Amino acid sequence: MGSGDLNLLKSWNPKLVKNREKVWVKEKELINEELKLKERQLELQKEKELDELVGAKTRALDWMYNDPLASSQTQNNDYLLGKKKLDASVVKKDSSTEELKKDPTTNLVSQRQKFDYSLDDPMSAINKAKRKQIKKKNGKKQPKVHKQ
């Protein structure tokens, strides 16, 4: 009659062809996913190497994140925690940071150029013309009227 193995009739039996096929499909998916992951890691590694080669160029927005005070503060913290001994370079940097703290605008002006936007602004041109007219009116001598 039958083979006598009742497990062949159960849906969870690992010997059934449909269950073997499901396992085979899952294994193939995992292998494909692993290959894609390795390819992506290789791409990322190549991008990193390329970035290191082009490392001399700085990004356009790096100037916003450069804080001259932050680097000196980390060195001061290292000294205070006993990680670093006091030397002449730390003392010199402390004096330069004090100067920056006194007048931070001098550093900003030296880092970027000033640009006068009023030359391109049409409203400022109108205001300049009005000022010139007022100066001309004030420059002419007006007869004094004596009120009695």
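- As named in an unreviewed UniProt entry, the chain is Pre-mRNA-splicing factor CWC25, taken from Tetrapisispora phaffii.
- On record in UniProt, under Subcellular location (unreviewed entry), the comment for the chain is "Nucleus".
- Comment text from UniProt for the chain, heading Sequence similarities (unreviewed entry), reads "Belongs to the CWC25 family."

### Structural notes on the overall build of the chain
Working step 1: Counting its regular elements, the chain contains six helices and zero strands.
Working step 2: For the chain, the succession of helices and strands along the chain, N to C, is α-α-α-α-α-α.
Working step 3: Within the chain, the fraction of its 148 residues that count as buried is 6%.
Working step 4: Roughly 14900 Å² of accessible area belongs to the chain as shown, and the carbon and sulfur atoms make up 57% of that amount.

### Topic: the side chain of asparagine 19
Working step 1: By secondary structure assignment, the location of asparagine 19 is in helix α1 (residues 17-53).
Working step 2: Those residues in contact with asparagine 19, other than ones at most four positions away along the chain, are Ser11, Trp12, Asn13 and Pro14.

### Some thoughts on the pattern of salt bridges
Working step 1: Tallied over the full model, the rule gives two salt bridges.
Working step 2: Note that lysine 38 and glutamate 34 form a salt bridge whose closest N and O atoms lie 3.8 Å from each other. Of this pair, lysine 38 and glutamate 34 are both found in helix α1, four residues apart, which corresponds to roughly one turn of the helix.
Working step 3: By relative accessible area, which is 46% here, lysine 38 ends up partly exposed.
Working step 4: For the salt bridge of arginine 40 with glutamate 43, the shortest nitrogen-to-oxygen distance reads 3.3 Å. Here glutamate 43 and arginine 40 lie together in helix α1, a separation of three residues that amounts to about one turn.
Working step 5: On the basis of relative accessible area, arginine 40 is assigned to the partly exposed category, the value being 42%.
Working step 6: Relative accessible area serves as the criterion here: at 43%, glutamate 43 is assigned to the partly exposed category.

### A closer look at a negative patch on the surface
Working step 1: A grouping of Glu47, Glu49, Asp51 and Glu52 is seen on the molecular surface, where their side chains present a negatively charged patch.
Working step 2: Mapped onto the fold, glutamate 49 is located in helix α1.

### What about a positive patch on the surface?
Working step 1: Together, Lys128, Arg131, Lys132, Lys135 and Lys136 make up a region of like positive charge exposed at the surface.
Working step 2: Among the structural elements, lysine 136 can be located in helix α6 (residues 122-139).
Working step 3: A relative accessible area of 60% places lysine 136 in the exposed class.

Conventions and cut-offs
Residues numbered from 1 in each chain as written. Predicted model: local features only at pLDDT ≥ 70, side-chain atom pairs only at ≥ 80, totals over all residues. Heavy atoms only, no water. UniProt positions renumbered as here; feature names shortened; annotations may be inferred. Helix = DSSP H or I, 4+ residues; strand = E, 2+ residues; numbered from the N terminus. Buried < 20%, exposed > 50% of the residue type's maximum accessible area, 1.4 Å probe, protein only. Areas by Shrake-Rupley, 256 points an atom, 1.4 Å probe, with all protein chains shown as cover. Contact = heavy atoms within 4.5 Å. Salt bridge = Lys/Arg side-chain N within 4 Å of Asp/Glu carboxyl O. Patch = residues over 30% accessible without salt bridge, like charges linked within 9 Å, V, L, I, M, F, W, Y side chains within 5 Å. Lys, Arg positive; Asp, Glu negative; His and termini not counted. Charge placed at Lys NZ, Arg CZ, Asp CG, Glu CD.

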